[in-house]
Every structure is written in structure tokens, then in C-alpha cells.
Amino acid sequence: MSDSKMQNIQRQQTILLLLALDGKVFSETLKRRFKVSDSIIFSDLMYLEKAGLLTRIEAGAVVIEECLEPAEK
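Conventions adopted
Residues numbered from 1 in each chain as written. Predicted model: local features only at pLDDT ≥ 70, side-chain atom pairs only at ≥ 80, totals over all residues. Heavy atoms only, no water. Helix = DSSP H or I, 4+ residues; strand = E, 2+ residues; numbered from the N terminus. Buried < 20%, exposed > 50% of the residue type's maximum accessible area, 1.4 Å probe, protein only. Contact = heavy atoms within 4.5 Å. Areas by Shrake-Rupley, 256 points an atom, 1.4 Å probe, with all protein chains shown as cover. Pairing = 2+ DSSP bridges. Axes fitted to C-alpha atoms, helices over the stretch in contact; angles between N-to-C directions. Core = buried A, V, L, I, M, F, W, Y, C linked by side-chain atoms within 4.5 Å. Parallel < 35°, antiparallel > 145°, perpendicular 65-115°, else oblique. Left-handed = near helix turned anticlockwise from the far one by under 90°. Nonpolar A, V, L, I, M, F, W, Y, C, P; charged D, E, K, R; others polar.

Chemist: How should the overall build of the chain be read in this particular structure?
Modeler: Scanning the chain from N- to C-terminus turns up three helices and three strands. In the chain, the order of α-helices and β-strands from amino to carboxyl end is α-β-α-α-β-β. A total of 73 residues make up the chain; the buried ones form 21% of that total. Expressed as a percentage of contacts within the chain between residues at least 6 apart in sequence, the contacts between residues at least 24 apart total 43%. On the chain, roughly 5700 Å² of surface is accessible, and the fraction owed to carbon and sulfur atoms is 53%.

Chemist: Could you clarify how one ought to interpret the sheet that holds strand S3 (residues 60–62) in this entry?
Modeler: Working definition: the strands of a sheet are paired by backbone hydrogen bonds and lie parallel or antiparallel to each other. Taken together, three strands build an open sheet; the order of strands is S1-S3-S2 and the sheet is antiparallel. Taken across any chain shown, the strands that pair with only one partner, and hence form the sheet edges, are strand S1 (24–26) and strand S2 (55–57). On average, each strand axis in the sheet is tilted by 20 degrees relative to the strand beside it, whichever way the strands run. Sheet topology places S1 next to S3; three bridges connect them, and they run antiparallel. Bridge pairing links Val25 to Ala61 in S3. In this fold helix H3 (residues 38–50) packs onto S2 and S3, with an angle of close to 140 degrees to the strand it touches most, S2.

Chemist: What is the right way to read the nonpolar core from this model?
Modeler: Here is a general trend for soluble globular proteins: nonpolar side chains tend to be buried in one another's company. Ile15, Leu18, Leu19, Val25, Leu30, Val36, Ile41, Leu45, Leu48, Leu54 and Ala61 form the largest nonpolar core, which has eleven residues in total. Not counting the four nearest positions on each side in its chain, Val25 is found in contact with Ile15, Leu18, Leu19, Leu30, Ala59, Gly60 and Ala61.

Chemist: Is there a simple way to explain the packing of helix H1 (residues 3–22) against H3 in this structure?
Modeler: Helix packing geometry: the angle between the two helix axes and the distance between the axes. Orientation of H1 relative to H3, taken along the N-to-C sense of each, is 70 degrees, at an axis distance of 10 Å. Relative to H3, the element H1 lies roughly perpendicular. Judged by the sense of rotation from one axis to the other, the crossing of H1 with H3 is right-handed. Between H1 and H3, the contacting residues are Arg11, Gln12, Ile15 and Leu16 on the first element and Ile40, Ile41, Asp44, Leu45, Tyr47 and Leu48 on the second. Classifying every residue of the contact of H1 with H3 gives seven nonpolar, one polar and two charged.

No statement about biological role is implied by the geometric values presented.
Following this line, the structure appears as C-alpha cells:
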């Protein structure tokens, strides 16, 4: 596995960990933390959203609401 691919995986795993801890992440904060461009963070968030692991918002991402409404009996 290439170093670039490994860095992508590690960054995405860290994003998911931060999301699990805080319930939300902000693109600007992630960009500074990882010292990468806006486009890299955007790509990471898009990839993770397509995988069903988060929901993107304008400024970053939030955890996916597992159940938006209570189940009917």
C-alpha cells in the first residue's frame, strides 16, 4: 500500500474518531489539524458520506442520525 493511500486511511479514521467523540467536525479545523488543503478534506468527507459513515453539512460533518423518528408500535 502506498504512503499516500495509508495517509488517507489514517486521516479518515481520525476524522471518524473525532466525530464519535464530539458529534461534529469542522472542515477548517480538520484542514489545520492535518495540514492539508480544502479539497483533500472535502474529498475525505465525501468519501465517508458515500460510505454511510457521516452526514456532510456546510461547515463540516455530523454523525448520522440512526433513527430520526421513534419506531411505531
